[in-house]
Amino acid sequence: MAAQQPVQKNTLYVGGLAEEVNESILHAAFIPFGDIKDVKTPLDQATQKHRSFGFVTFLEKEDASAAMDNMDGAELYGRVLTVNYALPEKIKGGEQGWAAQPIWADADTWFERQQQEEEMQRMQEENRAALQAAEDLHRKKKADEREGEKEEETEARDDPMARAEAQVLNQNGS
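Definitions and limits used
Residues numbered from 1 in each chain as written. Predicted model: local features only at pLDDT ≥ 70, side-chain atom pairs only at ≥ 80, totals over all residues. Heavy atoms only, no water. Helix = DSSP H or I, 4+ residues; strand = E, 2+ residues; numbered from the N terminus. Buried < 20%, exposed > 50% of the residue type's maximum accessible area, 1.4 Å probe, protein only. Contact = heavy atoms within 4.5 Å. Core = buried A, V, L, I, M, F, W, Y, C linked by side-chain atoms within 4.5 Å. Salt bridge = Lys/Arg side-chain N within 4 Å of Asp/Glu carboxyl O. Phe/Tyr/Trp six-rings, centres within 6.5 Å; stacked < 30°, edge-to-face > 60°. Polar contact = N/O pair within 3.5 Å; in protein donor to acceptor, adjacent residues only side chain to side chain. Pairing = 2+ DSSP bridges. Arc of directions from axis to C-beta.

**Quick look at the environment of valine 21**
Phase 1 of the analysis: If you trace the backbone, valine 21 turns up in the loop between β1 (8-15) and α1 (23-30).
Phase 2 of the analysis: Judged by relative accessible area, valine 21 falls into the buried class, the value being 1%.
Phase 3 of the analysis: Sequence separation between valine 21 and threonine 41 is 20 residues, and the spatial gap between their C-alpha atoms is 9.3 Å.
Phase 4 of the analysis: With near-sequence residues (within four places) excluded, valine 21 lies in contact with Leu26, His50, Leu76 and Tyr77.

Structure representation (structure tokens):
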């Protein structure tokens, strides 16, 4: 989807962490900017070491903004940090796939889409029926016109005056 993903203004993504950095060091590095609600460094399942990034969640949006402005490009344990607003955590399932929404949040949009699809199918059926009726009417009109031409020819053959005119024309033409 090309839709813009919402950012969490209180939570910062901190990338480029050195191997020695743990959650308490990360907490100490960001505490000067304001009260911190949470610090996480996701672990690699295989090595049980952090994956060189973490998340710092501040209580106030303004503190997170100040920390991002000051710490992006700063150095910690010899490594340059990348600090941005964090995107919501992805989860499997759900149309949007964001943890910020309950699983049933998509139900309303799903029902709306179903109703729209049913309405479109109904309209297409109506259009097909109208087109078919128009084609049938056109065919009937053409058949009636041909029938009218045949009647005129038959009338011309039955009319003695018309037969006489036809004979004269044929004789003059020969």
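**Re the nonpolar core**
Generally speaking, nonpolar side chains in soluble globular proteins are found buried as a group.
Phase 1 of the analysis: Counting 21 residues, the largest nonpolar core has Leu12, Val14, Leu26, Phe30, Val56, Phe58 and Val83 as the members making the most contacts within it.
Phase 2 of the analysis: Leave out the neighbours within four places in its chain, and leucine 26 touches Val14, Leu17, Val21, Val39, Thr41, Gly54 and Val56.

**Quick notes on the pattern of salt bridges**
Phase 1 of the analysis: In the structure shown here, the tally under the stated rule is eight salt bridges.
Phase 2 of the analysis: Among the ionic pairs, arginine 122 bridges to glutamate 119, the shortest N-O distance being 2.4 Å. On the criterion of helical spacing, the pair formed by arginine 122 and glutamate 119 is a turn pair, its members being three residues apart in helix α3 (residues 107-158).
Phase 3 of the analysis: A residue is classified by how much of its surface remains accessible, and arginine 122, at 39% relative accessible area, is partly exposed.

**Observations regarding the packing of aromatic side chains**
Phase 1 of the analysis: Overall, the coordinates contain three aromatic pairs when judged by the stated rule.
Phase 2 of the analysis: Plain terms: the ring middles of phenylalanine 53 and phenylalanine 55 are 5.8 Å apart, the flat faces sit at 85° to each other, and that makes the pair edge-to-face.
Phase 3 of the analysis: Taken together, the ring pairs connect Tyr13, Phe53 and Phe55 into an aromatic cluster.

**Focus on the side chain of threonine 57**
Phase 1 of the analysis: Of note, threonine 57 is situated in strand β3 (residues 53-58).
Phase 2 of the analysis: Of note is the side chain of threonine 57, whose polar atom sits 3.1 Å from the side chain of threonine 11.
Phase 3 of the analysis: In this structure threonine 57 touches Asn10, Thr11, Ile36, Lys37 and Asp38, once residues within four positions along its chain are discounted.

**Remarks on the pairing of β3**
Phase 1 of the analysis: Counting buried positions along β3 gives five out of six residues, so the element sits mostly inside the fold.
Phase 2 of the analysis: Bridge count for strand β2 (residues 36-40) against β3 is four bridges, and the pairing is antiparallel. Counted as the bridge partner of valine 39 is valine 56 from β3.

**Points about α1**
Phase 1 of the analysis: Of all the residues in α1, the buried ones are Ile25, Leu26, Ala29 and Phe30. Seen from one end, α1 has its buried residues packed into an arc of 125°, which puts them on one side.

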